[in-house]
Each structure stands twice: as structure tokens, then as C-alpha cells.
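Take a look at the letters that make up each chain.
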Amino acid sequence: MDKKIIKQLAEIVGVEHVSDDPIELMVHSRDASPIFGEIPSVVIRPGNTSEVSAILKFANENKICVLPRAAGSVTWGASVPNKKGLMVIQMSRMNRVLDVDEDAMVATVEAGCTWSRLERTINPRGWKVAIMPHGAGMIAGVGANVALNGYSMASGGNGMQGDHVTGLEVVLPTGSVVRTGSWAMKGCKPFNSKIGSPGEITRLFLRSGNIYGVITKVALRIYAIPPAKDYLMHSFKSISALVRAAYKIQKYELSSGFQMITKEIVGTTGWPIPIENMIWGSVEGCSPGVVDEKMKMWRQIVESEGGTEVDQTVARIFGAELEDNRIHRYTWANEAYFPGGGRFQILGSVPINRIEEFLEITYGIAIKHGLHCFGLCQFERNSAHMFTVMPYYEKDPEQRQKTLDVGTEAIKAIADAGICLSVLDGVYSPSYDYLDPQTFKLTKSIQKTLDPNNIMQVPWEIGGKTR
Amino acid sequence: MTLNIKQYEENICYCSRCGNCYGEAALEPSSTCFLRDYYGWESFGPRGRLNMCRHLMDGTLQYTNELVERIYSDLLCGACSSFCVLPIPHFDIFRAMRKDAVEAGLKLPKEIERIVASLDKAGNVFGAPKDNRAKWATELALPDKGDLVYFPGCYSSYTDQETAISTIKVLRAAGLDPAILGTEESCCGNPLLLSGHANKAEAFIKENARKLMATGAKTVVASCAECFRTLKVEYPKIVPDFKVNVLHTSQLMAQLVQENRLHYKWPTAEGRAAIVTYHDPCQLGRLEGLGVYDQPRKVIQSVPGTNFIEMPRNQKLARCCGAGGLVKNTNDGMATNIAVEVLHEANSTGAMTFITSCPRCKKNFKDGVKKDPMRLLHLKIVDLNEFIAMHLVDA
Amino acid sequence: MNKKIIKQLAEIVGVQHVSDDPIELMVHSRDASPLFEEFPVVVVRPGTAQEVSEVLGVANKNNIRVITKTGATTPWGASVPRQKGLMIIQMGRMNRVLDIDENAMVVTVEAGCTWTRLERTINPRGWRVGVMPHSCGMSSGVAGNITAGSGTSQYSAKFGLQIDNIMGLEVVLPNGSIIKTGSGAIDGAKQFDKNSGTPADITGLFWGSAGMFGILTQVTLRMYAMPVVTQYQLHAFETPSAAQRMIYRVQKNDIASGLFFFSRESVATTGWPLPIAHLVTGSIEGSNQTEVDGKAETYRTIARDEGGQEIKDIGAVLGAIYTDKLMRYTFGNETYFPGGGRFCLNTAFPIMRLEEYLSRTAVMGKKHGINPFGVVFIAKNTLYGLQYFPYYEREPEQRRKALAAGAEAMEANAAAGMGSWCMAGILAPAFYSRMNKNTFAFIESIKKAVDPNNIMVAPWEN
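What you see is a predicted model; the values in this text were computed from it and never measured. (Residues numbered from 1 in each chain as written. Chains lettered and ligands numbered in written order. Predicted model: local features only at pLDDT ≥ 70, side-chain atom pairs only at ≥ 80, totals over all residues.)

## Describing the arrangement of the chains
Here 2 pairs of chains make contact, and the pair sharing the most contacts is chains A and C. There is no contact between chain A and chain B; across them, the least C-alpha separation is 24 Å. (Contact = placed C-beta atoms within 7 Å.)

Okay, structure coming up:
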């Protein structure tokens, strides 16, 4: 990048927060996905919203494309540059917890604040967030999970991350700073995202939050740590029976956390449990009696479908590690269960009765190509968010390439089957072929209005080519 | 011109325009206002009409011929009131609009003019010879004075004589000796109240009241729901001395059942298997809070072997047959279509016999059967009195 | 309106579904608000999304501005023309329940389907919607509740606002494009999840935006299983501060499915055989009696702690609020005031500001000689207050006072950092003047992108 530009950027954030060092740039070409992206031209670390605004104004004037990122812990390549000459805006300096409003039951943080930091601030006061992302809680920024509208196994009873956002501060591509929800009103705190403006514009920034601007602050609902909670786990010989049980559990809204893990994963864990398909869930309530009653119904449902209860100790340990671990060490790396570290995740969202179909299609394709795979899903209210994971050796380029190709074939196969793809960028960019053209046009027209100079990286462009 | 609607000024202003009157209440396919499926336009519904009343009272709208269809397309069935949560007397207000229309000299539908002319000429809605009014009773030798007087009304006198004859059969079987006014009887006056010719109605009411009181009657019983409502509610308003006890035949029959004065034939096998259902006429049940629901049911269920299944919408929620508000006269096609819809609902009960207690309802339902014979011909449409009569032990 | 245009519209929807009859136009100048507004120039009733699209085509071509309506039951004037020359698109014909997907636990309906029709279709199968709007279920359309941004009910405690329960939409954009939001945007995929299907979640754009971004033609809503066991509670509080503490603790502990607050003044107008005090009523649901008893015990303990007096005989409240199978309840019930007029002020604020809100609105009312009364919904962490400033419709001076009192209360609440969840009609002025300039510019720019010919009336106009 032109040295004059670097100098001007340094004037905005301070010279220690801009880098065009080749090695620094190189490490920003990867995130937690299989993709090797383009190498950016500069990495910049703003410390506050006005710096972000100044950076974006500057990028507009100089026609530099930008990509915000915090931890880069996205598993499908949303955090890596997809064309040359990009500026990566590193959000991790903006990591403070700004306000904990117990009356409104809302915590406000800067976008780069990690989940760990947030939880460790509010847990001692008896609060927690609803959706603690499943992996990378120690480094993932709150803003990123919001921008991608993430979910976790707590989604069973708690929905998606976006459901808990009560307001955002966003810097639009032109540099304009907007606040959404009740925060948009002078003197109002960010306690509710559905008021304060016509249209719930907060939601525009969920899913592919990058395209319409850079999220700088997030206001998130906080919830009382439940007075009572317990865990249970059941194994099933047949997935169809498991699915029927899971449907009823969701229909009667018994779960707080809820996930399914296939026997393939169980096989790799080394846990003292049968190698079968499992469901694991957490049940919360205002008293132990209420929790007991919910679990009673849960057990009745599961046993009527032929499920067998696994030793509750395992379920509780799992819970402690996954849901309640205050250190939040758990990452999807735990799930790689496969030395060598690479994984391609095929993601899709289905109604609960199509879980088997998803597994059949994706497993079928993997097995056809001689690849190993394993599946799991996180239930979210009326949906199941499916993951079929195909691991590979990072050090084996051929295996890596094969996995990517097979993964892409699988994505197309599930889209052809009318299954909704959860994600539409990174390795999922083929999904734009399946997106209704009029809806796509609307998305692009809003983007064009907000970003007339087209400086934000958009997921439907690969290597500068638009789908 | 002093508007008749002005006496309801405050009630009209209560309307909060919530739309319950024009909304969707019960089952498919219909709405609270049964005309919504036919017109759908705001100004043809109760909420729109109340809105118009506001403008009429404020002087920003005048009674012109453009209003006529909107005023006279109303079934005046009271369904709007039954879902309204505020004290708004829709039935009274919309009749007051018709009164205003007449007083303003608007061009009424020609069928309305025809009814008024028939009543002027012959004292009945058909314009048929006055002398033929009591022809149905020729063989029956009914007295013209007594404690109990039967008021058949125009329909049962001229076109639905089976109802009148059955009524007498049942009453006599119970040991009663009803009298009739015979050719002295005139129309109860309700059609004129519905058309907005209140002054003419008053004349009919006064005349009939005088004659009924002259019979020495303690009780007047009517087999027509409209006559019943008019005699019970309207007559005392116009003639304060009219203190006769007014009953509908279903109420009297229910008493007779209670007193064990009706004796039935042993049911046949076919009779035991047959399902019957019952339609609640608007003017017997919902309107004015008259609420005559239990008695017809008690009477029906007193017939041994009867397998009675309720209509999906019944009692206060019952659908109007389609003939209300003189719509049968001004828009026969639509009235019959509504009847067809109600009869389709009756099919869901599995009934073969469809009972009602109003001859206007009965006529409209019979027309409905003719309109859709494929699906409705199996239904036998009968008046309640006919139903009882056919099951009585032969004298 | 130019007869040629009427003819074109008639060719699209059928001549029986277009009207420029002066009386029909006149009755569309009022809705459930205090306003007496302009007459539209034409009312059109399309039967399909394609017809909506073509009608908008005519509007675009001829620069005719448009508003949409179904039941017209918002008490703040969102459904009346506030400028001359408007076309009203009446969605009441598009009223079917299209698909009940029990596997995905969603139901898809046309925009004009009423809540009553929807509930009566799914209830017999053991399902219900989360937020059955508090009033006018018989006349208001599903889409209207979303477009107006008003979706609260006594079950918002658990289910939040209407938008929280919407899984996807079909919308006709102002330029006539028909789009789907949510998972249905992916060809071949069913509409069951609003969180997938598109980059950027655009469903929310259509919440509370008064139709300016497009006309909803289909709505997909979550269905929930009817609760196995339900128990109702009613408590009386002497002070709003005690009531707000109770509500806060109940919400914090996530105990109740339904919650509703009647201020003392509104209880006084009902004529119910209940103490004249601030009332909180709750419904507690669960899968069996023991679970519900457990939750109810916690609920009652909290209420007692905060000084609430339990009322055992709750028949009147139960019937009106919870169990009326005919869903007759309307805000008309709440008017409880002969004469019929009301300025309905909507305010949204955190739970612990209930007392402040009530006292401020009372002060504003008193200033003008009006005694306001109201009810409050609870949705998760927010209270949604409806405060009525009543007046006799036939007394212009009293009407003026009530409107002035309401407007002043609205300004005062906004100045104190309270929000409104319905920013249209008579509720617009105080809020648009306070909106963050950049946010407003942002919304305007989206409107421009989506509606280049500016045919959809925006809620901040007039």
C-alpha cells in the first residue's frame, strides 16, 4: 500500500495501530476455515467509534475496500479477504464492557469485547448471556457473532444471537454513525431493538453484518443465572426415533440447551458411553421442583421413542464444559477430534423432521468420495442447525483440495434438495445461485445505497468477480 | 328534517371503529356481518354505516339515493351487536336510518314499494285478497274469542299453511282451544318497521292490538319469529295498554312438554336413526336479547328417538338465514345464496331434517334447497310445529 | 381519480374490487383513532401478490401515492390518508390460511387473514400463535400487526413482540418485485426460519415501518403447542412501584407466560367486582400440574414479597383477557368511557420505570383536566404502556384537551428517554424530532433505494 496512505491512517489511529508488515498481513489471510484468502494490504486497529468512522470516510475517499474482523474465528471464511488490496479493520482493541444495566437487563459492550470478558463481568452479579457461542468464547468478539447471527447449543430454548440484541451502534460505509432500536432516540438507552424507528433495522446487520457497515457497539440482553438447572443425555439406536423425540421436546419447549451428536463423534471422544447417536440437553427453571418436572416429561418422551438414558454424570460434565465453563475454553477444535486440524463444515438449517435427510445426503457424498465425516446439530426452537464436518490433514494439500471440492458438491446437493443453507458467504458462495433473484436484488440495492463506493467486502464477490 | 338517528347520537359516537362488527368471528367461510363475504366494502358494513351516521348528523353527508343500497342491503340480523363490546343498538340505529330515508323521500327499492302497496291495499305482504287470509282454517272451526289467541301472520296464513295447521293440531292435542282473528287479522306491521315506514306500521299495530284485546285473550301465541318479536317488543311501545302475554309457539310447546300434555307415537327404526338439527331465527333469539333458545330444543328433544345435533353456529352465534331486513325481497339471489351456505353447514351435522321456527326462514331455506339440489335435496325443511305435529299420537 | 386509471385498476383486480364511490371513499377517512382525515381517491382490493404488484405498477407509472390497510384498527391513525390523492390498497380479500407445517411448527397465512381465523384454524390441532394481539383479533389482519409495529399481547411476557415470532414474509416491494425474506428466499426451501436464507436479515425492515418499504402479502408465523396446564394469578398492589418490582422479578426469573397490568384508574372504569388498586394478572404454563404449581408458588412468593394481595376470584378478568373463545376483546372494552373518543398513547420503557411513566402521564392529563387511564403489556425486559386520554366525541373542546394532553405526555415521556413502538399517525411527531439524525438518514436512504418513485407514504410525513 502507498506509504502516504499508511501515514494518513496512522494519523487517525496512531502509528502503533497500523501495520503493512508483510508477516502481519500474511497471517490475516486465514481464519478458522479451510480457505487461504488473499493477503490484505494493511491492517488497522481503531480504538473507538470516531476512529472507525474516520477510517471508513478515508476508505471512501481513496477507494480502498475494507473488511472488519475481530478474532477471525469464523469457520467458513467470512473473515478473510476475498480479493486483493483490502484493508482489514481489526476490532479487538475496542473490547470494553461499557455498561451493565440491571434494571433493563441489558449489557452494552464494544464490538471487539470477547464473550469471556463479558461473562466474567456479569456472572459474579448473577447474570449471563443467552447464547454463548459454542466455540472460541475466549477470543471471539461479541460484535462478530452478532454480525453473523450465531447460535449455540443454548439455542434450543433461546433462539439465535440476534434475538437477544437490543441495540447496535454501527458505522455505515460512508462513515455515518447510526444507532438502532431505542438507542436511536435521543436520551434513550439501548434496551429494546424493536422500537425507536420504523423498521427493525438492527436486524439488517445480522447474518452478513459486514456488508452494510461496521458494528462498533452491541447492547445485549442479559438473563438471571437460573436458580435451578440440570442436564440429561440419551442415546438412540435409530436416528428416526431420536428425531421424533427431539421434535416433541422442542414442541413442548422443555429445553434450554439442546444438541444432537452422531455416533461418529461419540466414537472419537473416548467418553465412557455407548457409541450411539445422542441427544444432550439442559433444563432450566425457577426452582429444582420445576426442573424435575420438566425433566420427567423429557424422560417420558425419550423413553417412549426407545431412547436410553446415559449416566447423568457424563451429561453434567458435558454441561459444565460446554455451557457453564466460566473459562470457556471449549472450541470447535474439541470437536475436530481428528489430529491435523482441518475441517470443512457443511451447514444447513432444517425443520426437525429433515435431520435424517440432511445427514443422508451429506454423509452419502462424503462416503462416495472416501472421506470421513461426522454430524451434529444444534436445535434452535423449531429448527435444527446442522453441521456435517469433514476433517482433513492441513498438511496434505491434495486431501484439503479434495475435501473442499466434496464439500462444495455437498452444499449444492443439499440446496438442490430444498434445504436452506444457513450461511451465504465464504465457502458457501455457491449458495447465491439458489437465492431468489428479486431478494438478492433488494439486498444489493440497499447495499449500493449505503455503500456507493462499494468499499465493504461483500460475500457474493470472489476474487473481484460478482456472482 | 329532524333525523331519527339523532336520538342515538351518543351511542353512535361510542363506536371505536374496532371492526368486531365487520370482522371474522366463527367458522369459515363467514364473518360477523354475513354480508361481508358478499360486498366486502367498508360502506356496506355496520362500521361504515355508523361512520355515515356521524357524517349525516354533522351535516357533511346528506340522505341521497346513493345511500339507499347501503341502508337496505342490511340483513338487520343483530350479529354486529352480538360481537360489539360497546352499548351500541345497531338494530335500532339502522332501522332509524331507514325511517330517515323514507322521510327524506328517497327512491326506495321497488320491492319495498311493492310491499308497502300490498299492505296498504290488502293488509298482507302479498297483496292477496284479505278474505283469503283465514282459508287455511276453514275446516278447523276455530273460535274468534278466548284466553288463548293464535296469530299465524301473513306467511302462515297464505303460503305456509302447513305451519298454521300443524300449530292448531298440536295445541288441540294438548287440550287447548285456541282462537284466531281470522280475516280480521292484518300483518303484524314488522315489514313496515323494517322498511322505515314507521307511521304506517303504527297504524297496523294499533289496529291489531285493539282487535287482539277485544278477543279477551290473556295469551297471544305466534308461530312466526318476526310476528312474535313485533307483538312482544313493539306493540307495548305503541299501545301501552297492550298487556297481553305474548309467546312464541316454541315457548308454549315447551310448557306443554313440561306439563306432559304432548303424547308421541312410538318412533320407527328409521325415526330413531334420523338426525335433526335446528336453526335459530334472528328475531327469536339474538335480537333484543329475546333469547328463546332452550325452549325449541326442549321441544325437539321431547320427541322420542330424536337424535339432535347442533348446527356448528347456533343460538346467539347462529347465522341469519339470509331473508332478514327485507333482503329476501330486495335481493332474492343473495338471500338464497346465504341460505345455501347455512344449509351446507347443516350438512356437517349429518341431519336429514332441518327445523326452524320462522316461516320466512323456512321459505328461504326451501329456496336454498332448490338452488343446490345436488347437495341439499336430502334435507327436509320443516317448521317446529310441523315436526311436533307429525310425531304426535293420532287422536 | 382519472377514469382511465380506474379502468386500468379494474382490469387488474376486477371491476367489483375497485371503488371511487364518494361514500366508500368517505368511510375510509376514519380508523380507530381520533382523527378525521382526508378521503382517498380510490380503494383497491387485490386478491393475489401478482395483483398487488400490478397495482403498484399503475401507481408508479401515474405517480399515485399509496397506503395499505386491512382492519384499520390502530388507535393512532396509521390507516387513514393524511394527505390528498392517495390510493388505499385494502388487503381484506387475501385472508386465507395457506399452510400449516406442524413439522416446522410454523403456519403461513395471507396478509389479510384475521387472527381469529388463524387461531380457530390451528387451535383444534393443538397449536396457538405466540402473540395473539390483545384486541381486535376479529377484524385486524396478521400483516397489519407487523406493519404497524404494534404486536403486543398479554403473552408477550414469554413470546416478546410479534416480530419475534415471525419466521418469514412475502413482500411486494414498491417497484413491484415480489420477494421472500427468511429461509423461503432460497429456491425450493420452505419458509420456516427467518435467520437463514439471505445475507442480512431483512425481515425486520418491515416491522413497524407502516408499509413504506413494501406491502406484505404472506406471513409465516411460529406456532407453539397449547400448554398442557395453565394457571392464572391476580394480585392487587397499592403502589405502582411495588407492582413494577414484582413484574421485574417475575420477568427476571422467567416464570410467567402471560403478564398484564391494569392501572388503578382503569380498574375503576371496568365495573368488575375487584378492589380498585393496581392489578397484575399472570398466566403460568407448563407440561404438568406439579411444574405449574412450582412456578406458581415462586410467582406468588414474589408477589407477596412485594406487598401484593392475592385475589382468588378472577372470573371477570379471566373471561375478558384470557378465555374468550370468540376473541371479542377490543380496546373498545378498555375505553370504559361513554362518549367513545380516546387518544391512545403508546410508550415503551424498562420495567422499573413504570411508576415514573404513570405519574408523568397523570400530571400531563391533570394539566388539561383529563383523567387518563391505561394498561401495560410486558414483553421480556420492556413495558409497553397504553394510556388513554378519553373525551366525548361530540364535545370538540374536550377532544381538543384530550389530544393536547396526550401530545404533551408523549413529548414529556420522549424527553425522559422513553420510546414508542408505533411511530406513525398521532404518535409520530414527538419521536421523529428526537431520532438520531444519522439513523433517520439511514432509514430514508433505504426507503429511497427501495422506493425510487416515492409512492409509499412514509410514517413521518405530516
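## Thoughts on the packing of helix α8 (residues 161-173) of chain B against helix α19 (residues 384-391) of chain B
Residues and elements named next belong to chain B. One way to put it is that α8 packs onto α19 with a least axis distance of 8 Å and a crossing angle of 50°. When the axis of α8 is compared with that of α19, the two are oblique. Seen from above, α8 lies across α19 with left-handed handedness. Counted together, Glu162, Thr163, Ser166, Thr167, Lys169 and Val170 of α8 and Asn385, Glu386, Ile388 and Ala389 of α19 form the full contact between these two elements. For the contact of α8 with α19, the residue count by class is 3 nonpolar, 4 polar and 3 charged. (Axes fitted to C-alpha atoms, helices over the stretch in contact; angles between N-to-C directions. Helix = DSSP H or I, 4+ residues; strand = E, 2+ residues; numbered from the N terminus. Parallel < 35°, antiparallel > 145°, perpendicular 65-115°, else oblique. Left-handed = near helix turned anticlockwise from the far one by under 90°. Nonpolar A, V, L, I, M, F, W, Y, C, P; charged D, E, K, R; others polar.)

## Observations regarding the interface of chain B and chain C
On the side of chain C, 35 residues touch chain B, which itself brings 30 residues to the contact. Listing elements by their share of the side of chain B that touches chain C, those giving two or more residues are α1 (9-14) and α2 (46-58) of chain B. Here the side of chain B that touches chain C is composed, by residue class, of 13 nonpolar, 10 polar and 7 charged.

## A closer look at the interface of chain A and chain C
At the interface, 79 residues of chain A touch 79 residues of chain C. The set of elements that each furnish at least two residues to the side of chain A that touches chain C consists of β9 (177-179), α9 (288-304), β16 (341-351), β19 (420-421) and α14 (437-450) of chain A. A per-element tally of the side of chain A that touches chain C places α14 of chain A first, with 10 residues. Considered class by class, the residues forming the side of chain A that touches chain C number 37 nonpolar, 25 polar and 17 charged.

## Topic: the domain arrangement of chain C
Often, the extent of an interface is quoted as the loss of accessible area on bringing the components together. All names here are of chain C. The domain architecture assigned to chain C consists of domain 1 (97-225), domain 2 (229-330) and domain 3 (340-426). Taking only C-alpha atoms into account, the centre of domain 2 sits 23 Å from that of domain 3. Mapped onto the side of domain 2 that touches domain 3, the elements with two or more residues apiece are α7 (240-252), β12 (258-262) and α8 (264-270). Considering every element that reaches the side of domain 2 that touches domain 3, the biggest residue donor is α7, with 7 residues. Here the residues of the side of domain 2 that touches domain 3 sort into 8 nonpolar, 6 polar and 1 charged. (Domains from an automatic or database assignment.)

## Some remarks on the pairing of strand β13 (residues 278-286) of chain C
All names here are of chain C. For β13, the tally of buried residues reaches 9 of 9 residues, placing the bulk of the element in the interior. Sheet topology note: the β12/β13 ladder contains 5 bridges and is antiparallel. Considered in β13, the bridge of Phe261 is made with Val280. (Buried ≥ 20, exposed ≤ 12 C-beta atoms within 10 Å, placed from the backbone. Pairing = 2+ DSSP bridges.)

## Observations regarding the domain arrangement of chain B
Residues and elements named next belong to chain B. Looking at chain B, the domain boundaries give domain 1 (4-103), domain 2 (129-258) and domain 3 (271-389). Taking the mean C-alpha position of each, domain 2 and domain 3 sit 22 Å from one another. With 26 residues of domain 2 at the contact, the number on the domain 3 side is 26 residues. Elements with a minimum of two residues in the side of domain 2 that touches domain 3: α7 (153-158), α8, α9 (190-195), α11 (225-238) and α12 (249-258). Taken together, the residues of the side of domain 2 that touches domain 3 sort by class into 11 nonpolar, 10 polar and 5 charged.

## Observations concerning helix α9 (residues 289-305) of chain C
Residue pairs three or four apart in sequence face the same way in an α-helix, which turns once every 3.6 residues. Over its 17 residues, α9 of chain C extends 24 Å from the first C-alpha to the last, a length consistent with the 24 Å expected when each residue adds 1.5 Å. Of all the positions in α9 of chain C, only Glu291, Val292, Gly294, Lys295, Ala296, Thr298, Tyr299, Ile302 and Ala303 of chain C are classed as buried. As for α9 of chain C, its buried residues are in contact with α9 of chain A together with β11 (229-237), α7, β13 and β14 (309-310) of chain C. Immediately downstream of α9 of chain C, the backbone of Gly307 of chain C shows phi near 85°, a positive value. (Expected span 1.5 Å × (residues − 1).)

## Some details on the sheet that holds strand β2 (residues 219-222) of chain B
Paired through their backbone hydrogen bonds, the strands of a sheet run either parallel or antiparallel. All names here are of chain B. The 3 strands lie next to each other as β1-β2-β3, forming an open sheet whose pairing is parallel. Only two strands of the sheet have a single neighbouring strand rather than two, namely β1 (148-151) and β3 (245-248). The average undirected angle you get between the axes of adjacent strands in this sheet is 25°. Pairing of β2 with β3 involves 4 bridges; the strand directions are parallel. The residue bridging Val221 from the neighbouring strand is Leu247, located in β3. Seen against the sheet, α12 touches β2 and β3 and runs at an angle of roughly 85° to β3.

## With respect to the packing of α9 of chain A against α9 of chain C
Following both chains from N to C, one finds α9 of chain A and α9 of chain C inclined at 160°, their axes separated by 8 Å at the closest point. Relative to α9 of chain C, α9 of chain A is oriented roughly antiparallel. Considering how the two elements wind past one another, α9 of chain A and α9 of chain C form a crossing that is left-handed. Judged by residue contacts, Gly289, Val290, Glu293 and Lys294 of chain A of α9 of chain A engage Thr290, Glu291, Gly294 and Lys295 of chain C from α9 of chain C. In terms of residue class, the contact of α9 of chain A with α9 of chain C is made up of 1 nonpolar, 3 polar and 4 charged.

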